[in-house]
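Fold and geometry: a report
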Amino acid sequence: MKVSFVGIGLMNGSLSLDLQRLHPDVVLSGISRKTTTLNRAVELGLIQEIGSINQLQDADYVFVSVPVAAIATLLPQVLDAVGENTLVMDFGSTKTAICGAVKNHPKREQFLAAHPIAGTEFSGPDAAIPNLYDGKTIMLCEVAKTRSDLLARATTLLQKLNMTVRHMDPVAHDRHIAYVSHLSHITSFMLGKTVLEKETDEQNIFDMAGSGFASTVRLAKSSPEMWMPIFMQNKHNVLETLNEYISNLNAFKEKLEAEAVDELLADMKEINKIRTILKHK
Ligand code: NAP
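Residues numbered from 1 in each chain as written. Predicted model: local features only at pLDDT ≥ 70, side-chain atom pairs only at ≥ 80, totals over all residues. Heavy atoms only, no water.

1. A short note on a nonpolar patch on the surface
What counts here: Here the term patch refers to residues with relative accessible area over 30% and no salt bridge, with like charges joined within 9 Å and nonpolar side chains (Val, Leu, Ile, Met, Phe, Trp, Tyr) within 5 Å. The Shrake-Rupley method, run with a 1.4 Å probe sphere, supplies the accessible areas, and residue values consider only the shown protein chains as cover. A pair is scored as a salt bridge if a Lys or Arg side-chain nitrogen falls within 4 Å of a carboxyl oxygen belonging to Asp or Glu. Numbering of helices and strands runs from the N terminus; a helix is a DSSP stretch of H or I covering at least four residues, while a strand is a stretch of E covering at least two.
A grouping of Phe252, Leu256 and Met268 is seen on the molecular surface, where their side chains present a nonpolar patch of about 290 Å² in accessible area. With respect to the helices and strands, Leu256 occurs in helix H10 (residues 235-257).

2. Focus: the pairing of strand E1 (residues 2-6)
Condition: Using a 1.4 Å probe on the protein chains alone, a residue whose accessible area is under 20% of its type maximum counts as buried, one over 50% counts as exposed, and one in between counts as partly exposed. Pairs of strands are assigned from DSSP output, requiring at least two bridges between the strands. Handedness of a crossover: with both strands directed away from the viewer, a clockwise path from the first strand across the helix to the second marks it as right-handed.
Judged by how many residues are buried, E1 sits mostly within the fold: 4 of 5 residues are covered. Judged from the 5 bridges that link them, E1 and strand E2 (residues 27-31) form a sheet pairing that is parallel. Bridge pairing in E2 links Lys2 to Val27. Of the crossover connections in this fold, the one passing from E1 over helix H1 (residues 10-22) to the parallel E2 is right-handed.

3. Notes on the site of the ligand
The cut-off we apply is this: We define proximity as follows: a residue is near a molecule or strand when any one of its heavy atoms falls within 4 Å of that partner. For this analysis, a polar contact is any N or O atom pair within 3.5 Å, provided that within protein one partner can donate a hydrogen and the other can accept it, and provided that sequence-adjacent residues contribute only side-chain to side-chain pairs. In the scheme used here, Gly and all other residues not listed as nonpolar or charged are polar, with Ala, Val, Leu, Ile, Met, Phe, Trp, Tyr, Cys and Pro taken as nonpolar and Asp, Glu, Lys and Arg as charged.
Around the ligand, the structure places 27 residues, and the nearest of them are Ser32, Thr37, Val66, Ser93 and Gly124. At 3.4 Å from an oxygen atom of the ligand is found a main-chain nitrogen or oxygen belonging to Thr120. Sorting the residues of the shell around the ligand by element identifies H1, helix H3 (68-81), strand E6 (111-116) and helix H9 (224-233) as the ones contributing at least two each. The element that contributes the greatest number of residues to the shell around the ligand is H3, accounting for 3 residues. For the shell around the ligand, a count of residues per class yields 13 nonpolar, 12 polar and 2 charged.

4. A short note on unusual backbone geometry
What is expected of a backbone is that most residues other than glycine have negative phi and most peptide bonds are trans. Look at Asn131: it is not a glycine, yet its phi comes out positive at around 65°. With respect to the secondary-structure elements, Asn131 resides in the loop between E6 and strand E7 (137-141). With relative accessibility at 39%, the residue Asn131 sits in the partly exposed group. A positive phi angle, near 50°, is found at Glu259, a position not held by glycine. Mapped onto the elements, Glu259 comes out in the loop between H10 and helix H11 (261-271). With relative accessibility at 65%, the residue Glu259 sits in the exposed group.

5. Observations concerning the side chain of Asp90
So the rule is basically this: When checking whether two residues touch, look at their non-hydrogen atoms; a contact exists if any pair is within 4.5 Å.
Turning to its location among the elements, Asp90 is positioned in strand E5 (residues 87-90). Here Asp90 falls in the buried class, since its relative accessible area comes to 0%. A polar contact is formed between the side chain of Asp90 and the side chain of Lys95, at a distance of 2.9 Å. Those residues in contact with Asp90, other than ones at most four positions away along the chain, are Val64, Ile71, Lys95, Ile98, Phe111, Leu112, Ala113 and Ala114.

6. What to know about the sheet that holds E5
In spatial order, the strands read E3-E2-E1-E4-E5-E6-E7-E8; together these 8 strands make up an open sheet with mixed pairing. Looking at strand neighbours, the two that pair on one side only are strand E3 (49-50) and strand E8 (164-167), the edges of this open sheet. Direction of pairing for E5 relative to E6: parallel, over a ladder of 3 bridges. Residue Asp90 lies in a different strand from E6, and its bridge partner there is Ala113.

7. Quick look at the side chain of Thr146
Following the sequence through the fold, Thr146 ends up in the loop between E7 and helix H5 (148-160). When residues no more than four places from it in sequence are discounted, the contact partners of Thr146 are Leu87, Arg108, Glu109, Phe111, Leu112 and Leu151.

8. Let's talk about the nonpolar core
Proteins that are soluble and globular tend to have nonpolar side chains buried together. What counts here: Residues enter a nonpolar core if they are buried and are Ala, Val, Leu, Ile, Met, Phe, Trp, Tyr or Cys, with the set joined through side-chain atoms within 4.5 Å.
Formed by 35 residues in total, the largest nonpolar core has its most connected members in Phe5, Phe63 and Phe91. Only E1, H1, helix H2 (35-43), strand E4 (61-64), E5, E6, E7 and H5 provide two or more residues apiece to this core. For this core, the element with the highest residue contribution is H5, accounting for 5 residues. Beyond its immediate stretch of four places on either side in the chain, Phe5 contacts Asn12, Leu15, Ser16, Leu19, Leu28, Ser29, Gly30, Ile31, Leu46, Ile47 and Phe63.

Here you go:
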């Protein structure tokens, strides 16, 4: 099996580790902007060879996992370069602009749009970990536009990775993901900003950071190079979630100012319902 990675950071690096476990004979090559990234990926054993976009003809799979704006730019070039038996998948966190970028491409049926709901706040080849995808959900979009034999190939691989497949159209995907992922990241970044601005003595932050602060601010360690294009591509949905969130924050502030204890208690008890929704997480 021949696999090419376009981008070799957390997502593709972790996939490489799992593919090597599942298919010991897999041949892995990688394409990335920086030679340092490619050399590190070779050192870590994530790829065996450094590839180029002109060498994708006989790949069985090409996984494109770079920031979402770069996916939209690179995907048509990747499709131009692949042979007729290659399946191209992207792992981008947004789907509308990416599906739009290849909607009229002559090889559109060789592309499958995917978003694994798996990840960490770390990036680059050194962030790659085994079993990142094990037991996680993967959202697939516009599956009817992917050639049936290539879709079957992808489904077999995702089953081997022990992933749960969900189908969604790209517009709905971007609307829902804005609430559960993009808003969480903005909240975490802004919590980090607020505390950093207030606490000039970093030792105090470190000493007093209980598990609540550490877990809430964890996402603020994420790569700005990855997140800025996500916020820009999904700006319309992200702004809608932000408006709702800001209005909830303002309502909380007003109730606190008014010492509306019963209302605050009732609100927080209602929100505790999240325990039952996320009981297995
Ligand atoms: P990452 O660890 O930061 O790796 C990014 C890769 O993309 C590196 O190989 C980097 O190469 C390359 N790259 C960075 N900027 C680029 C640009 N402007 N043009 C071309 N290549 C560029 O990122 P990742 O976490 O694997 O994320 C990859 C994709 O997966 C993103 O689209 C993200 O939305 C999606 N995703 C991420 C997560 C997560 O939790 N991290 C979860 C689900 C989906 P160089 O070092 O050579 O520049």
